[in-house]
Amino acid sequence: MSPHPSRRRWPAVLTAERPRPAGIRERPNGWWLAVGAVCFGAFMGQLDASIVTLTYGSLRTGFHASLAAVEWVSLAYLLTLVALLVPAGRLADAHGRKLLYLYGFAVFTLVSAACGFAPSLWALVAFRVVQAAGAAMMQANSVALVTTSAPRERMRSALGVQAAAQALGLALGPTVGGALVSTLGWRWVFWVNVPVGVVALVGGHYLLPRTRARTRVARFDRPGLALLASATTSALLGVSAASGLPVPGWGVAALFAVAAWAGWAFVRRQRRTTAPLLDLAMLRVRAVAFGLVGALSGYLVLFGPLVLVPVVLTARGSSDLTAGLVLTALPAGFALAATGGDRLLPHSLPDRARCLAGAGLFTLAVAGLLAVPLTPGWLVPVLALAGLGLGVFTPANNAMVMGAIPARSSGTGGGLVNMTRGLGTALGVALVTLALHLAGSGDIQTGSRCAAVVLVAASAVAVVAAWLSPRTAPEPSRAAL
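Rules and cut-offs
Residues numbered from 1 in each chain as written. Predicted model: local features only at pLDDT ≥ 70, side-chain atom pairs only at ≥ 80, totals over all residues. Heavy atoms only, no water. Core = buried A, V, L, I, M, F, W, Y, C linked by side-chain atoms within 4.5 Å. Buried < 20%, exposed > 50% of the residue type's maximum accessible area, 1.4 Å probe, protein only. Helix = DSSP H or I, 4+ residues; strand = E, 2+ residues; numbered from the N terminus. Contact = heavy atoms within 4.5 Å. Lys, Arg positive; Asp, Glu negative; His and termini not counted. Salt bridge = Lys/Arg side-chain N within 4 Å of Asp/Glu carboxyl O. Polar contact = N/O pair within 3.5 Å; in protein donor to acceptor, adjacent residues only side chain to side chain. Expected span 1.5 Å × (residues − 1). Axes fitted to C-alpha atoms, helices over the stretch in contact; angles between N-to-C directions. Parallel < 35°, antiparallel > 145°, perpendicular 65-115°, else oblique. Left-handed = near helix turned anticlockwise from the far one by under 90°. pLDDT = per-residue confidence, 0-100. Nonpolar A, V, L, I, M, F, W, Y, C, P; charged D, E, K, R; others polar. 1 Å grid on protein atoms, 1.4 Å probe; cavity = no way out; pocket = protein on both sides within 12 Å on 5 of 7 lines; lining within 4 Å. Points joined across faces, edges and corners; volume = space filled by probe spheres on them.

## Some remarks on the nonpolar core
One finds V73, Y101, L124, F362, L369, L379 and L383 to be the most contacted residues of the largest nonpolar core, which totals 135 residues. Counting residues per element, this core draws most heavily on helix α14 (residues 286–315), which supplies 14 residues. Excluding residues that lie within four positions of it along the chain, V73 makes contacts with V52, L59, L121, L124, V125, R128 and F190.

## So, the side chain of R352
Tracing the sequence through the fold places R352 in helix α17 (residues 351–367). One buried charged residue, R352, forms no salt bridge at all, with the nearest opposite charge on D351 at 11 Å. At a separation of 2.9 Å, a polar atom in the side chain of R352 contacts the main-chain carbonyl oxygen of W467. Every residue in contact with R352, bar those within four places of it in the chain, is listed here: A466, W467, S469, P470 and R471.

## Notes on α14
With 30 residues, α14 extends 44 Å between its outermost C-alpha atoms, agreeing within 8% with the 44 Å of an ideal straight helix rising 1.5 Å per residue. For α14, the tally of buried residues reaches 22 of 30 residues, placing the bulk of the element in the interior. The positive-phi residue at the C-terminal boundary of α14 is G317, with phi of around 100°.

## Regarding the environment of V382
On the secondary structure map, V382 appears in helix α18 (residues 376–402). Note on V382: relative accessible area 12%, which makes it buried. Sequence separation between V382 and G368 is 14 residues; the distance between their C-alpha atoms is 6.7 Å. Excluding its chain neighbours within four sequence positions, the residues that come into contact with V382 are A365, L369 and V372.

## Observations concerning the side chain of N398
With respect to the helices, strands and loops of the structure, N398 is situated in helix α18. A relative accessible area of 3% means that N398 is categorised as buried. Non-local contacts of N398, meaning those with residues more than four positions away in its chain, are made with L159, V417 and R421.

## A look at the packing of helix α7 (residues 97–116) against helix α11 (residues 193–207)
Interhelical geometry of α7 versus α11 gives an angle of 165° and a closest axis separation of 9 Å. It follows from the interaxial angle that α7 and α11 lie roughly antiparallel. Here α7 and α11 pass one another in a crossing that is left-handed. Of α11, the residues touching α7 (which contributes K98, L102, F105, A106, F108, T109, S112 and A113) are N193, V194, G197, V198, A200, L201, G204 and H205.

## Remarks on helix α20 (residues 444–468)
With 25 residues, α20 ought to run about 36 Å at 1.5 Å a step, and its terminal C-alpha atoms sit 37 Å apart, in line with that. Of all the positions in α20, only G447, S448, A451, A452, L455, A458, S459, A462, A465 and A466 are classed as buried.

## Side note on the confidence of the model for the protein chain
Do not read the predicted coordinates in detail wherever pLDDT is low. On average, residues of the protein chain score 77 in pLDDT, and 82% of them are at 70 or above. Across the protein chain, element-level confidence peaks in α17 with a mean pLDDT of 90 and bottoms out in helix α1 (residues 5–15) with 50. Note on residues 476–481: pLDDT under 50 across the span, and 17 contacts to partners over four residues away in sequence or across chains.

## Digging into the packing of α7 against helix α8 (residues 121–149)
Running from N to C, α7 and α8 cross one another at 150°; their axes reach a closest spacing of 8 Å. Classified by the angle between their axes, α7 and α8 sit roughly antiparallel to one another. Regarding α7 and α8, the two cross each other, and that crossing is left-handed. Classifying every residue of the contact of α7 with α8 by side-chain character gives 17 nonpolar, 7 polar and 3 charged.

## Looking at empty space enclosed by the protein
Going through the model one piece at a time under the given rule, you end up with 4 cavities of 30 Å³ or more. Estimated volume of the largest cavity: approximately 190 Å³. What lines the largest cavity is a set of 20 residues, and nearest its centre among them are Q46, L81, Q139, Q166 and N418. Of all the secondary structure elements, the ones that give two or more residues to the lining of the largest cavity are α3 (31–52), α6 (72–95), α8, α9 (155–183), α14 and α19 (410–439). Ranked by residue count, the leading element in the lining of the largest cavity is α3, at 5 residues. Residues that form the lining of the largest cavity fall into these classes: 9 nonpolar, 10 polar and 1 charged.

In structure tokens form, the structure reads like this:
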């Protein structure tokens, strides 16, 4: 006797991508609906990333913890995210980007609710690790879903809209976070994700297209994943340990040694295994290699001030709400440039020139942090200018990278882009915290200047990467893949 029909359907419901309704699928500009659905994830991810930094003060007080311990609420999330983005993209290329995207949203939303109920700091950190696993499934596919849904000639515009949604999340994060922490408490910073996640799940189910081109994965490279996770975790743990955790000097040195060994072993394994986690041929394409360096540097500059500004302003007597309102200038400028830049700049201006212009602008802006007093009146225009530069740079940089990657590998490529952005985000948090720690808690002026030097150096790297990028990105068919 054959199984009951309903029993046969359940596995398919859980493992197969559902088609969009015909009315949505056949609309001439229906691809914009898919981009809009992805924007929910872009918004939610950046809202969570920026809103959490506003809880540091309340978490330190509520759990009687140091700044170095509290920063692991962000770093545990970012480390897990960085380690899982590439494998999540690899699995999505094989099994369906829409499927993993929606599963990621479900995990992220459920665990956001759990974070709000965390009874201790380390329980919160553990929940954030699981939350990051859901975010990895979501973010690894966001860029891929945009680039495979949009016509090639509209890719930069579509990525600009996605970047604007990220910027909107960043813009609302400090303001909403400051208001929630000041009124309802830090737990609501996580609970606010739940209604957005429910809306995004429903929208994604109906608006996202099924995966057309897939890359077959013979077997999953678990040793490669372990080496990648070891390299990124050890490196960032070493930076964090140096910034105030009770770890002796030899322990910090050992962490950096493990990171170097694991990174070397990961590259060696990827060259020799028949089923690599990451096809290193992607990195031999100049547009991809230098674009990834630019993505890391740009996100370090974007997230560094999200730690620096609240610490500096609250140390000088400003409220969490004031710090949040000042920080809003950075992502607001980002959103304005990301959505309007493609309309205001000449359409014929290549991605490389846009990257150079944007990187030059945010380099000048962060250099201003070394010259002006770090007060609300001066910080708002400086952060807004930095946001404008990042908003020009980021969509063009993403388009340059994804334009050089074949559609069948877009999930892996998107995961790689998001991994480098996540690594830049984590470094922005860790290096700014390290600079503040080395200066000493009583010398906020010197610490803020050291942190500004870090941001200027990262900006300079982005300028060099844009300059070394090819004037014309290779077609995907020509890429060495």
